Amino acid sequence: MAVRHQYENSNDIGVFAKLTNSYCLTAMGGSENFYSVFQDELASDIPIVKTSIAGTRLVGRMTVGNKHGLLLPSSVSDQEALHIRNSLPDEVIVQRVDERLSGARGASCFHSVVRLELSFSPPLDSLGKLHFM
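Read on for an overview of the structure. (Residues numbered from 1 in each chain as written. Predicted model: local features only at pLDDT ≥ 70, side-chain atom pairs only at ≥ 80, totals over all residues. Heavy atoms only, no water.)

**So, the overall build of the chain**
Scanning the chain from N- to C-terminus turns up four helices and six strands. Ordered by position in the sequence, the α and β elements of the chain form the string β-β-α-β-α-β-β-α-β-α. Split into buried and exposed, the 133 residues of the chain put 41% on the buried side. Within the chain, contacts between residues separated by at least 24 positions form 54% of all contacts whose residues are at least 6 apart in sequence. Only carbon and sulfur atoms are counted for the fraction: they give 48% of the accessible area of the chain, which is about 7,800 Å². (Helix = DSSP H or I, 4+ residues; strand = E, 2+ residues; numbered from the N terminus. Buried < 20%, exposed > 50% of the residue type's maximum accessible area, 1.4 Å probe, protein only. Contact = heavy atoms within 4.5 Å. Areas by Shrake-Rupley, 256 points an atom, 1.4 Å probe, with all protein chains shown as cover.)

Written out as structure tokens, the structure is:
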């Protein structure tokens, strides 16, 4: 089923929400209508978490995740990270990465069964590979 939705007159809801097969993060501080659409459609199946990332509403833009894990930028506050960890299922690994503006610089998309390789300034070989499998 598909549902058309906007965030404060913006069609870019992926900037303000992160949806996976096991959880949904939504931005705090927006209209209750935005949050209620997710609540009505998904709450019976997965947890819906109202949160902010580094004090912003850019939840979808600043995180990278799938049903196995969630990467948070280093700029996320301890309180925000703890709230997210406590709200998600125990099977979901929540990890901070040393990246200020997003959960993973250079990795914009990945699937639940495909490995995520991050491209940082140092060569990837020296850092290893991060994957949620």
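**Concerning the pairing of strand β2 (residues 24-27)**
Of the two faces of β2, the one holding C24 and T26 and the one holding L25 and A27 are both buried throughout. Between strand β1 (residues 17-19) and β2, which pair antiparallel one after the other, the connecting turn spans four residues. Where β2 lies against strand β3 (residues 48-51), four bridges are found, and the strand directions are parallel. Bridge pairing in β3 places T26 opposite K50. Each parallel crossover has a hand, and the one from β2 via helix α1 (residues 32-42) to β3 is right-handed. (Pairing = 2+ DSSP bridges. Right-handed = clockwise from strand over helix to strand, strands pointing away.)

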